[in-house]
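Here is how the chains run, residue by residue.
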Amino acid sequence: MKSIGILGGGQLGRMLALAGYPLGLRFRFLDPAAEAPAEQLAERVAGAYEDLESLQQFAAGLDLVTYEFENVPVSTAHFLEQRLPVLPPPAALAAAQDRVAEKLFFQKASLATAPFETVDGHDDLAGAIERIGLPAVLKTRRYGYDGKGQVILRRHDDVTHAWEKLGGVPLILEAFVAFEREVSLLAVRGRGGETAFYPLVENHHCDGMLRLSLAPAPGLTSELQGEAEELGRRVLEALGYVGVLAVEFFQTTGRRGKGASGRLLANEMAPRVHNSGHWTIEGAETSQFENHLRAVLSLPLGGTACVGHSAMVNLIGVVPDSAAVLGIPGLHLHLYGKSPRPGRKLGHLTLRSADPDALQERLERVRSLVEI
Ligand code: AMP
């Protein structure tokens, strides 16, 4: 029986374990937080990622280490890598942790991004705004998630408030993209270099936080899917990646670049399973969680085709009455065992239907019970 160590013990880790038990796997988590949703299912070392004693305790007897949280210090991954395989490769963590490094990586891999400028201090801001223009988005380079650590600058008057909110740490100024919609690609690469891609997903955010994912993205053409897969493949190959990786794109109407029609601008990537892939548990032949485990364990990758149409709704801050939502046909509920707090992801639900119209109708029923 293989033992997998997972850095991070949140809901993604919990769902990885749930997918891994049928494959006969065992799990151990490392997470310093007071509450870790994964520990209800498996052993958890409650130490800091930088604490060598905790890392040794965590690593003892494991077959390999993977992560469910991308802000694990890269030095932690390197320390563990000297003892056992750590997948995806730590270089992917480094590229994803800093928005400037991430954009430079995308550009090197020939993925288009929004124009951006590095803002190391207040003196850089005026010049950056002049070059990028307004509206623009000012973001912290590191530790931003779910819309935290970013402010939209619409007018010059917004700058003082934005600086008060974010100044003092390294920043990035990005041009505001008037996108048609946001889509994400879930890609997986095995240890032998084999790849698989899930159909593109359409994502809806509110205050920077994912609320709703539709899979496959409505109106998805084979041309757009092909374009996304080509971009995803470049990222996987450039990193020598192993496991599931998510790339978030802004879909625009513009035609740029040669070859591909250039409608997809890379916004960010996550070197792990991703919230916009939760629908795969019921809505795809193989879930993103199982495919991640298959990839890191050198097992054959599973099929990524959709089983019908799916909608995934995040449960944020409040959990609806289980009996009420489960009365909706084709609905599956996933609760993460977390204490409720405003703005906290407490669970998700997935609706699946063979018929897209029936899916929309059921989604309306969900809307009457859950704020989307
Ligand atoms: P991020 O943390 O970069 O994924 O940003 C969270 C959300 O903010 C995105 O999903 C978009 O809805 C929005 N956003 C971020 N950057 C931009 C941008 N450059 N232009 C327009 N909207 C953006």
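Bear in mind that the values here come from a model prediction, so they are computed numbers and not experimental data. (Residues numbered from 1 in each chain as written. Predicted model: local features only at pLDDT ≥ 70, side-chain atom pairs only at ≥ 80, totals over all residues. Heavy atoms only, no water.)

Would you mind going over the packing of helix α3 (residues 74-81) against helix α4 (residues 90-97) with me for this structure?
Relative placement of two packed helices is described by the angle separating their axes and the distance separating the axes. Packing of α3 against α4 leaves a shortest axis separation of 9 Å and a crossing angle of 180 degrees. With respect to each other, α3 and α4 are oriented roughly antiparallel. Counting all contacts with α3, which are made through V74, A77, H78 and E81, the residues of α4 involved are P90, L93, A94 and Q97. Of the residues that constitute the contact of α3 with α4, the class distribution is five nonpolar, two polar and one charged. (Axes fitted to C-alpha atoms, helices over the stretch in contact; angles between N-to-C directions. Helix = DSSP H or I, 4+ residues; strand = E, 2+ residues; numbered from the N terminus. Parallel < 35°, antiparallel > 145°, perpendicular 65-115°, else oblique. Contact = heavy atoms within 4.5 Å. Nonpolar A, V, L, I, M, F, W, Y, C, P; charged D, E, K, R; others polar.)

What's the story with the packing of aromatic side chains in this structure? I'm lost.
What characterises a pair of aromatic rings is the spacing of the ring centres plus the angle enclosed by the ring planes. According to the stated counting rule, one finds five aromatic pairs in the structure shown. Centroid distance F105 to F106: 6.1 Å. Interplanar angle 45 degrees. Geometry classified as tilted. Given the relative accessible area of 13%, F105 is considered buried. Ring centres of Y198 and W279 lie 6.2 Å apart, and the angle between their planes is 85 degrees; on these two criteria the pair is classed as edge-to-face. Here Y198 is found in the loop between β10 (195-197) and β11 (201-206), whereas its partner W279 is found in the loop between β14 (264-270) and α9 (280-283), with 81 residues between them in sequence. The burial state of Y198 is the same as that of W279; both residues are buried. The ring of F79 carries R83 above its face, with NZ or CZ at 3.8 Å from the centroid. When the ring centre of Y143 is taken as reference, the NZ or CZ atom of R142 above it lies at 5.6 Å. (Phe/Tyr/Trp six-rings, centres within 6.5 Å; stacked < 30°, edge-to-face > 60°. Buried < 20%, exposed > 50% of the residue type's maximum accessible area, 1.4 Å probe, protein only. Lys NZ or Arg CZ within 6 Å of the ring centre and 35° of its normal.)

Even after reading the chapter, I still don't get the site of the ligand, so can you show me in this structure?
For the ligand, the set of nearby residues contains 15 residues, the closest of which are R99, K139, V177, E182 and E268. The separation between an oxygen atom of the ligand and a polar side-chain atom of R99 is 3.0 Å. Out of a free accessible area of 470 Å², the ligand has 92% covered by protein chains. When its residues are assigned to classes, the shell around the ligand shows six nonpolar, four polar and five charged. (Near = heavy atom within 4 Å. Polar contact = N/O pair within 3.5 Å; in protein donor to acceptor, adjacent residues only side chain to side chain. Areas by Shrake-Rupley, 256 points an atom, 1.4 Å probe, with all protein chains shown as cover.)

Could you clarify how one ought to interpret unusual backbone geometry in this entry?
A negative phi holds for most residues other than glycine; trans holds for most peptide bonds. Residue P88 is bonded to the preceding L87 through a cis peptide linkage, with omega at 0 degrees. By the secondary structure assignment, P88 is in the loop between α3 and α4. The omega torsion of the bond from L134 to P135 falls at 0 degrees, within 30 degrees of zero and hence cis. Structurally, P135 can be placed in the loop between α6 (122-132) and β6 (136-140). With a phi angle near 60 degrees, Y143 is a residue other than glycine that sits in the positive phi range. The topology assignment puts Y143 in the loop between β6 and β7 (150-153). Residue Y143 is classed as exposed on the basis of its relative accessible area of 55%. Backbone geometry at S298 places phi at a positive 60 degrees, although glycine is not the residue there. Looking at where S298 falls in the secondary structure, it is placed in the loop between α10 (288-296) and β15 (309-316). On the basis of relative accessibility, which here comes to 46%, the residue S298 falls in the partly exposed class.

I would appreciate a short explanation of the nonpolar core in the present structure.
The tendency in soluble globular proteins is for nonpolar side chains to be buried side by side. Counting 36 residues, the largest nonpolar core has I4, F27, F29, L186, W279 and F289 as the members making the most contacts within it. Put simply, the parts of the chain that give this core at least two residues each are β1 (3-7), α1 (11-20), β2 (26-30), β9 (181-189), β12 (209-215), β13 (243-251) and α10. A total of five residues in this core trace back to one element, the largest contributor, which is α1. When residues of this core are sorted by domain, at least three fall in each of domain 1 (3-86) and domain 3 (181-367). (Core = buried A, V, L, I, M, F, W, Y, C linked by side-chain atoms within 4.5 Å. Domains from an automatic or database assignment.)

Explanation requested: the domain arrangement of the protein chain in the structure shown.
Interfaces are often described in size by the accessible area the parts lose on coming together. Split into domains, the protein chain comes out as domain 1 (3-86), domain 2 (115-175) and domain 3 (181-367). In this structure, domain 1 and domain 3 have C-alpha centres spaced 23 Å apart. Of the residues lining the interface, 21 residues belong to domain 1; the matching set on domain 3 comes to 21 residues. Summed over both partners, the interface of domain 1 with domain 3 comes to about 1,900 Å²; 67% of that surface belongs to carbon and sulfur atoms. In this structure, the connection of domain 1 to domain 3 is made through two salt bridges. The closest approach of N and O atoms between R272 and E70, which form a salt bridge, is 2.7 Å. (Buried area = accessible area lost by both parts, 1.4 Å probe. Salt bridge = Lys/Arg side-chain N within 4 Å of Asp/Glu carboxyl O.)

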